Amino acid sequence: WRAVLQRTREVWFPRGQIRDLRRSAVVETRRRLTLAAPANGGQSDCQIEVHTPQRVALSARLTQSGLVVLCDAFDAGWHAWVRRRGDSRWMRTPIVRTNRVMMGIPLETGEYEIVLRYVPVDFLVGLALSGVGWCACLVVVGRSRRVPT
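What counts, and where the lines are drawn
- Residues numbered from 1 in each chain as written.
- Predicted model: local features only at pLDDT ≥ 70, side-chain atom pairs only at ≥ 80, totals over all residues.
- Heavy atoms only, no water.
- Helix = DSSP H or I, 4+ residues; strand = E, 2+ residues; numbered from the N terminus.
- Rg over C-alpha atoms; globule rule 2.2 N^0.38 Å.
- Buried < 20%, exposed > 50% of the residue type's maximum accessible area, 1.4 Å probe, protein only.
- Contact = heavy atoms within 4.5 Å.
- Areas by Shrake-Rupley, 256 points an atom, 1.4 Å probe, with all protein chains shown as cover.
- Lys, Arg positive; Asp, Glu negative; His and termini not counted.
- Charge placed at Lys NZ, Arg CZ, Asp CG, Glu CD.
- Pairing = 2+ DSSP bridges.
- Core = buried A, V, L, I, M, F, W, Y, C linked by side-chain atoms within 4.5 Å.

Q: Give me the overall build of the protein: which residues, what numbers.
A: A tally of helices and strands in the protein yields two helices and nine strands. Listing each helix as α and each strand as β along the protein from the N terminus yields α-β-β-β-β-β-β-β-β-β-α. For 149 residues, the compact-globule formula gives about 15 Å, and the C-alpha radius of gyration of the protein, at 22 Å, lies well above that figure. With respect to the principal axes defined by its C-alpha atoms, the protein has extents near 85 × 50 × 25 Å. With 149 residues in all, the protein has 25% of them scored as buried. Within the protein, residue pairs in contact and separated by at least 24 positions form 64% of the contacts whose partners lie at least 6 positions apart. Accessible area for the protein stands at about 11,000 Å²; split by element, carbon and sulfur atoms hold 56% of it. Averaging the coordinates of the 23 positive side-chain charges in the protein and doing the same for the 12 negative ones gives two points 8 Å apart.

Here you go:
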């Protein structure tokens, strides 16, 4: 746990100063990301359209390639789909762990609609196994109640 605490300090307090999360982010992933170096004067916008426990919808306008960061907790159950404004195709895009606990979506320059959905795979697997178990119980109970002829 000391290594985790040390890494957290490095991310949140570089050189002993608190990181300005409005201007910079630390991405922790094994994926190769290529983002442009920040340019002065570029103004990007992002607006949350819908925010529920299992769905988030955003609109974003990036004047340069960058990272849309959500302060919601990162979890492998979150999945993101993105489409450029005016395009009809939705494309699945990776979500990367950002600033230790947040979610980041790397995007190129442009205007986007972004939808994130929470689909907890572990819960769905447990639900399926529970359903199989209940069906097996019903079969056993049904056979034990048969009246011999």
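Q: Residue-level account of the sheet that holds strand β8 (residues 102–107), with values.
A: The strands that make up a sheet are held in pairs by hydrogen bonds between backbone atoms, and each pair lies either parallel or antiparallel. Judged by pairing direction, the sheet is antiparallel, and its four strands sit side by side in the order β1-β7-β8-β4 without closing on themselves. In this open sheet, the two edge strands, each paired with only one partner strand, are β1 (27–28) and β4 (66–70). Note: β1 against strand β7 (residues 96–98), two bridges, orientation antiparallel. Looking at β7, one finds that Glu28 is bridged to Arg97.

Q: Any details on the pairing of strand β2 (residues 45–52)? Residues and values, ideally.
A: By the bridge criterion, seven bridges tie β2 to strand β3 (residues 55–62) in an arrangement that is antiparallel. Its bridge partner being in β3, Asp45 is matched across the sheet by Arg61. Two successive antiparallel strands, β2 and β3, enclose a turn made up of two residues.

Q: Account for the nonpolar core, naming residues and giving values.
A: In a soluble, globular protein the nonpolar side chains are often hidden away together inside. Counting residues in each nonpolar core, the largest one holds 16 residues, and the members touching the most others are Ile105, Leu107, Ile114 and Leu116. If you list the elements that add at least two residues to this core, you get β3, β4, β5 (78–84), β8 and β9 (110–118). For this core, the element with the most residues is β3, which contributes four residues. When residues no more than four places from it in sequence are discounted, the contact partners of Leu116 are Gln54, Arg55, Val56, Leu58, Leu70, Trp78, His79, Ala80, Ile95, Met103 and Ile105.

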